[in-house]
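What the coordinates show
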Amino acid sequence: MEIFGVDIGGSGIKGAPVDLDRGDLARERHKVLTPHPATPKGVADGVAEVVGHFDWTGPVGITFPGVVTDGVTRTAANVDKGWIDVDARTLLGERIGQPVTILNDADAAGVAEMTFGAGKGRTGTVILLTFGTGIGSAVFTDGKLVPNTELGHLELHGHDAEKHASTKAKEDEDLSWHHWAHRVQKYLLHVEMLFSPELFIIGGGVSRKAEKFLPLIEKVRAEMVPAQLQNNAGIVGAAMAAAGQAHAEN
């Protein structure tokens, strides 16, 4: 079974049909740059371009980098503030002309990793963290998602943690892997103090280079592993959500 998934990020909008039996992309993903400013209309146009690239008809799952409740986007940390309290499900559905399911981006990635990737079969408390333009989080207890946790906005050194330890912070400040790993370590220790997880899954595009920084992180008691689906996890999780919604409505 194939369902389309789209992952809206701070720097790019990417999507592809997903093979839900394998938990992997059915075709090579297509990506467009996220417009700046990332207004609702501009992002909707980008999503339409990605979906249109495949001439897709049918349900579409879409991730959003912020809190999403009942299809409404409630926060907008790394996109235009015009997204706050927008009925994104209706907006995007009308723009692409297909039924849409929308959810938090890290929640989507987490569900995919727990089903097909590094968290498969794991119980207890598992936390997936996606490092990119910001830091997304997905918290699971015995496989059940606690949605919209947004742990990237925990305060660290007087600022949102993602301003200090995201991949964007590494790039903007031209940090070495060692220096950045030290910042990530401080962040992980803070999250560990609050939640005591058994497992951290480290996701986002930087997970492809996990060997450059994970071995440098010390003192964290929880097991740390890179996301197996890497930067495709959000697309896969979005498609899973759309399939679940379509099943519930039939």
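Quick caveat: nothing in here was measured; it's all calculated off a predicted structure. (Residues numbered from 1 in each chain as written. Predicted model: local features only at pLDDT ≥ 70, side-chain atom pairs only at ≥ 80, totals over all residues. Heavy atoms only, no water.)

What about the domain arrangement of the protein chain?
In terms of domains, the protein chain is made up of domain 1 (2-105 + 232-249) and domain 2 (118-227). The interface of domain 1 with domain 2 comprises ten residues on the first partner and seven residues on the second. In total, about 670 Å² of surface goes out of reach between domain 1 and domain 2, with carbon and sulfur atoms giving 40% of it. The three residues of domain 1 that bury the most area against domain 2 are Val67, Asn78 and Asn104, which together make up 52% of that side's buried surface. Taken together, the connections running from domain 1 to domain 2 amount to three residue pairs in polar contact (both at pLDDT 80 or more). (Domains from an automatic or database assignment. Contact = heavy atoms within 4.5 Å. Buried area = accessible area lost by both parts, 1.4 Å probe. Polar contact = N/O pair within 3.5 Å; in protein donor to acceptor, adjacent residues only side chain to side chain.)

Points about the pairing of strand E10 (residues 125-131)
Extensive coverage of E10 is indicated by the burial of seven of its seven residues. Residues of E10 alternate between two faces, with Thr125, Ile127, Leu129 and Phe131 on one and Val126, Leu128 and Thr130 on the opposite face, all of them buried. Both E10 and strand E11 (residues 135-141) contribute to a ladder of seven bridges, which runs antiparallel. Considered in E11, the bridge of phenylalanine 131 is made with isoleucine 135. Hairpin connection from E10 to E11: three residues lie between these consecutive antiparallel strands. With five bridges joining them, E10 and strand E15 (residues 199-203) adopt parallel strand pairing. For leucine 129, the partnering residue across the bridge sits in E15 and is isoleucine 202. (Buried < 20%, exposed > 50% of the residue type's maximum accessible area, 1.4 Å probe, protein only. Helix = DSSP H or I, 4+ residues; strand = E, 2+ residues; numbered from the N terminus. Pairing = 2+ DSSP bridges.)

Some remarks on the sheet that holds strand E7 (residues 72-73)
Pairing in this open sheet of three strands is antiparallel, and the strands run E6-E7-E8 from one edge to the other. With one partner strand each, in any of the chains shown, strand E6 (68-69) and strand E8 (86-87) form the two edges of the open sheet. Where E7 lies against E8, two bridges are found, and the strand directions are antiparallel. What sits directly across from valine 72, in E8, is aspartate 87.

With respect to the packing of aromatic side chains
Both the distance between ring centres and the angle between the ring planes are used here to describe each pair of aromatic rings. What the rule picks out here adds up to eight aromatic pairs. When the ring of tryptophan 177 is compared with that of tryptophan 180, the centres are 6.0 Å apart and the planes differ by 70 degrees; the resulting orientation is edge-to-face. Within this pair, tryptophan 177 and its partner tryptophan 180 are both found in helix H6 (residues 177-195), separated by three residues, close to a single helical turn. When its relative accessible area of 0% is taken as the criterion, tryptophan 180 is described as buried. Taken together, the aromatic side chains of Phe131, Trp177, Trp180, Tyr187 and Phe213 make up a single cluster linked through ring pairs. (Phe/Tyr/Trp six-rings, centres within 6.5 Å; stacked < 30°, edge-to-face > 60°.)

Observations regarding the pattern of salt bridges
Following the criterion strictly, the structure yields nine salt bridges and no others. Note that lysine 41 is salt-bridged to aspartate 45, the shortest N-O span being 3.0 Å. Pair noted here: lysine 41 and aspartate 45 are both in helix H1 (residues 40-53), with a separation of four residues, about one helical turn. Residue lysine 41 is classed as exposed on the basis of its relative accessible area of 58%. Residues participating in the shared-partner salt-bridge network are Asp19, Arg22 and Asp24. (Salt bridge = Lys/Arg side-chain N within 4 Å of Asp/Glu carboxyl O.)

Quick word on the layout of surface pockets
When its volume is computed, the largest pocket comes out at roughly 960 Å³. The residue makeup of the lining of the largest pocket, split by class, is 15 nonpolar, 22 polar and 13 charged. Here the lining of the largest pocket spans two domains, and each of domain 1 (2-105 + 232-249) and domain 2 (118-227) adds at least three residues to it. (1 Å grid on protein atoms, 1.4 Å probe; cavity = no way out; pocket = protein on both sides within 12 Å on 5 of 7 lines; lining within 4 Å. Points joined across faces, edges and corners; volume = space filled by probe spheres on them. Nonpolar A, V, L, I, M, F, W, Y, C, P; charged D, E, K, R; others polar.)

Re the side chain of threonine 34
Tracing the chain through its elements places threonine 34 in the loop between strand E4 (30-33) and H1. For threonine 34, a relative accessible area of 4% gives the class buried. A polar atom in the side chain of threonine 34 sits 2.8 Å from the backbone oxygen of glycine 9. A distance of 3.0 Å separates a polar atom in the side chain of threonine 34 from the backbone nitrogen of glycine 12.

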